[in-house]
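# Observations on the model geometry
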Amino acid sequence: MAPQEGAFLFGLSEDFILKKAREVCKCNHQTIITFFCQLFPVLDWLPRYNIKMQLLGDVISGLLVGIVAIPQSISYSLLANQDPIYGIYTNFFCSIIYVAMATSRHNFVGSFGVLCLMIGQSVNRHLQLAGYDDNTGSLLVGNATSSSNGTGTCDRSCYAITVALSLSFLVGLYQILLGVLQLGFVSVYLSEPLLSGFVAGSSLTIITSQMKYLLGLNIPRHEGVGSFILTWVDLFRYIQNTNICDLVTSLVALAIIIPVKMINDRYKDKMKAPFPIELLVVIIATVVSYYLNFEERYKSSVCGAIPTGFRKPTLPDTKLFSSLAVDALPIAIIGFAMTVSLAEIFGKKHGYAVHANQEMIAIGMCNLVPSFFYCFASSAALTKTLLKESTGTQTQLSSLVTSLVLLLVLLWIAPLFYSLQTAILGVVTIVNLRGGLRTFGETPRMWQLSKLDTVVWWTTMLASTLITTEIGLLVGVCFALLCVIFRTQRPRAAVLGKVSNTEIYEDQSAYRQLSSIANIKIFRFESSLYYANKDYFKTALYQKTGVNPVLLAARHHRAETQAKADTGNRKSVFNTAFGCLKPSKKRVEKSPTGIRLPSLDMHTLIIDCGAMQFIDTTGLSVLKETRHDYQELGVQVLLANCNPLLRRRLRDGGWAAGAHGGQLAFHSVHQAVQFAQHSDSYLEAQ
């Protein structure tokens, strides 16, 4: 090519690339509107909001969720190792942001028990590293107003929220990156049994962490491997120090809340709204504690002073990022997995589309932006989302109503909870874990449906409980992936028979009255064929067909060698060694080496590839070896039900270079059977 022609072609390609780049990157009015409508779905649905049809349901649902969110915000703060005010901040700010950016109409984003547990563990670990030694295990003593604002030192409460908001910033950053990079598919590795087992194990850990509040014990909060067992050891060690007032209060609260919540669940279809028993118990307990002076008379632990109003925005502590980066990753994954799962469930139920990547961006913003306003990490809250959906919410406008309820608490009502016992907060936390604990009763049915899924559930649950929640999640994911590998490494294999008067072929061990095809074996391998299961493929094939060509060839070779050495009478020795194979008088094959071989009870092997989604180079080599080994015995090998990808791989790998060319792979088992029968008739005629 001449230099002028090359320069000309280069110029054309450069112009073409620039033209395409301008088309992709061009920015006009419509493009900007579309971008902002995708980033903020509220701009799409709010102008079409039907006040007459939707407003009443949103207002009622928002009020009821707000009433439930008040005690849960305070109790989950205790779980996250934070002051009560920060739990209210979290639910308030997250609700507002999620309204603007969510595609789900029913999710409620706020404090979630499992995430609060993981946050509390990370916060407590950093408090210990920073030298804050508090054996009381409580941060609920009115230190929320103390902070490092440049004029004073940062106390334990201040450092705890600094760690939590820095952690929330990283969690939000991870989730936004996952959404922007379209990496929402990573949630598929968190299977339903895995998530269920993780939630169940975390629920046991949460109950264990709250028992000291129910008993009124001052014991340290253990972290790391074995914290579950160590906490129970301390509970029994100091059981004689139980605060009777806290214990009685806890038992009374449990005796009231649990039956009422069971009634709510049983008659939820007949009730317009569940009875807000938690808020009622919190109010009554606060009033009783105040007038009977439980704090002074019985040394009962109470919430203490809760400030009103909002604090000035702050920045995350970048010095903590390096130590929090690992802690933030599992929180981010669990957070967006719960959010996307709930969004998709209710989206399908109510018939609207949910965009997983946009949900990831939305939940990421709900963690990143509130981190500047003293909030900890959040996600879709299961209990409040279910309540929101069951009370008739229509749009995310109901979350704004919930935010208004929380705003009243922040501005005026919060100080009234001064005398609320921490034992009541522990009770509220525990009773909301019934959903996670209920899965224990579902394991027998799960065992009947899938034993491997049940093993994944128990493995994840035990690892999350006995080791740590983060390691438990990692163990669950790795074990679930190993189970997938195990399923493909040792899949089912079967010999097929024909259903009479049809073209259908099924497993002879699973169905009765199937007829075998004379001198034809049909083998089905119910998995893709790749390097990890190549040996099992051969083993299953030889076992199911009853013919091991490698072993027969080796025996034949030894027999021929012995015959030549002893008498030279090849035919006599051959018949003696292989008399059990019943040589056929119809056809005698010759191997490629010219040695005459006996006919077996099969002349064709058909491999049903219908379950093979893919085949790698190792699997292709195994198929070629199998064909070669069986052809040594005079048995032809045919493939059936190959998908287009598999046929292309076979063609590129030289499979069709055999004696019959491209006819060695068929679209159905029946076509392969007909071909085998026709070729056998042709050879007999010859």
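Residues numbered from 1 in each chain as written. Predicted model: local features only at pLDDT ≥ 70, side-chain atom pairs only at ≥ 80, totals over all residues. Heavy atoms only, no water.

Under the annotation held in an unreviewed UniProt entry, the protein chain carries the name STAS domain-containing protein and is attributed to Pavo cristatus. What UniProt states about the protein chain under its Subcellular location (unreviewed entry) heading is, verbatim, "Membrane". (UniProt positions renumbered as here; feature names shortened; annotations may be inferred.)

### Details of the overall build of the protein chain
Looking only at helices and strands, the protein chain has 27 helices and eleven strands in total. Taken over 686 residues, the protein chain has a buried fraction of 50%. With an accessible surface of roughly 33,700 Å², the protein chain has 62% of that area assigned to carbon and sulfur atoms. (Helix = DSSP H or I, 4+ residues; strand = E, 2+ residues; numbered from the N terminus. Buried < 20%, exposed > 50% of the residue type's maximum accessible area, 1.4 Å probe, protein only. Areas by Shrake-Rupley, 256 points an atom, 1.4 Å probe, with all protein chains shown as cover.)

### Remarks on the packing of helix α13 (residues 321-350) against helix α14 (residues 356-368)
At a closest axis distance of 10 Å, the pairing of α13 and α14 adopts a crossing angle of 130°. Regarding the angle of α13 to α14, the classification is oblique. Note that α13 runs across α14; the crossing there is right-handed. Of α14, the residues touching α13 (which contributes F336, T339, V340, A343 and E344) are A356, E359, M360 and I363. Of the residues belonging to the contact of α13 with α14, the class tally is six nonpolar, one polar and two charged. (Axes fitted to C-alpha atoms, helices over the stretch in contact; angles between N-to-C directions. Parallel < 35°, antiparallel > 145°, perpendicular 65-115°, else oblique. Left-handed = near helix turned anticlockwise from the far one by under 90°. Contact = heavy atoms within 4.5 Å. Nonpolar A, V, L, I, M, F, W, Y, C, P; charged D, E, K, R; others polar.)

### Regarding the pattern of salt bridges
Should their charged atoms come close, side chains of opposite charge can pair. One pass over the full model with this rule turns up 15 salt bridges. When the shortest N-O distance is used, the salt bridge between D44 and R48 registers 3.1 Å. On the basis of relative accessible area, D44 is assigned to the partly exposed category, the value being 42%. Among the residues examined, R48 registers a relative accessible area of 56% and is labelled exposed. Among the ionic pairs, E506 bridges to R524, the shortest N-O distance being 4.0 Å. Taken together, the residues E506 in strand β4 (residues 505-507) and R524 in strand β6 (residues 520-525) connect sequence positions 18 residues apart. Judged by relative accessible area, R524 falls into the buried class, the value being 17%. If you follow the salt bridges from partner to partner, you end up with R492, E506, D507, R524, E526 and D608 in one network. (Salt bridge = Lys/Arg side-chain N within 4 Å of Asp/Glu carboxyl O.)

### Some details on the nonpolar core
Counting residues in hydrophobic clusters, the biggest one holds 89 residues, and the most contacted among them are Y89, I119, I331 and L420. Broken down by element, the residue count for this core peaks at eleven residues, all from helix α7 (residues 156-180). Apart from residues lying up to four places away in sequence, L420 is in contact with V282, A285, T286, S301, V302, C303 and L425. V622, V635, C642 and L646 belong to the second largest nonpolar core, which has 29 residues in total. (Core = buried A, V, L, I, M, F, W, Y, C linked by side-chain atoms within 4.5 Å.)

### Section: the packing of aromatic side chains
All told, the structure shown has 24 aromatic pairs when counted by the stated rule. When the centroid spacing of 6.2 Å and the interplanar angle of 50° are considered together, the rings of Y86 and Y89 count as tilted. Of the two residues, Y86 and Y89 are both situated in helix α5 (residues 84-101); the distance of three residues between them amounts to about one turn of the helix. Given the relative accessible area of 2%, Y89 is considered buried. (Phe/Tyr/Trp six-rings, centres within 6.5 Å; stacked < 30°, edge-to-face > 60°.)

### Focus: helix α4 (residues 51-79)
Compared with the 42 Å implied by 1.5 Å per residue over 29 residues, the 39 Å span of α4 between its first and last C-alpha is a close match. Of all bends in α4, the biggest is about 30°, found at A69, and the proline P71 comes one to four residues later. By the N-cap criterion, in which a side-chain oxygen at the helix start approaches the backbone nitrogen of a residue two or three places on, α4 is capped by N50, the distance to K52 being 3.2 Å. Remark: N81 follows α4 within two positions and exhibits a positive phi of approximately 65°. (Expected span 1.5 Å × (residues − 1). Bend = angle between axes of the 7 residues up to and from the residue. Polar contact = N/O pair within 3.5 Å; in protein donor to acceptor, adjacent residues only side chain to side chain.)

### Notes on a nonpolar patch on the surface
Nonpolar side chains collect at one region of the surface, where F310, L408, L411, W412, I413 and L416 lie side by side and expose about 600 Å² of accessible area between them. Topologically, F310 is positioned in the loop between α12 (294-297) and α13. (Patch = residues over 30% accessible without salt bridge, like charges linked within 9 Å, V, L, I, M, F, W, Y side chains within 5 Å.)

### Observations regarding the pairing of β6
Of all the six residues making up β6, five are buried; the element is thus mostly covered by neighbouring parts of the structure. Alignment of strand β3 (residues 493-499) against β6, held across three bridges, turns out to be antiparallel. The partner of V495 across the bridge, within β6, is F523. Looking at chain direction, β6 and strand β9 (residues 604-608) are connected through five bridges and run parallel. Paired with I522 across the bridge in β9 is I606. (Pairing = 2+ DSSP bridges.)

### Looking at the environment of L541
By the element assignment, L541 lies in helix α22 (residues 534-545). Under the relative-accessibility criterion, L541 is labelled buried at 0%. Remark: the alpha-carbon pair of L541 and A493, spanning 48 residues in sequence, is separated by 7.8 Å. Excluding anything up to four places from it in sequence, L541 contacts F523, L605, T626 and Y630.

### A look at helix α11 (residues 277-292)
Taking 1.5 Å per residue as the helical rise, α11 with its 16 residues ought to reach 22 Å, and the 22 Å between its terminal C-alpha atoms agrees with that figure. Among the residues of α11, I277, E278, L279, V281, V282, A285, T286 and S289 are the ones counted as buried. Taken together, the buried residues of α11 touch α4, α10 (244-266), α12 and α17 (422-431). Looking one or two residues past α11, N293 carries a phi angle of roughly 55°, positive in sign.

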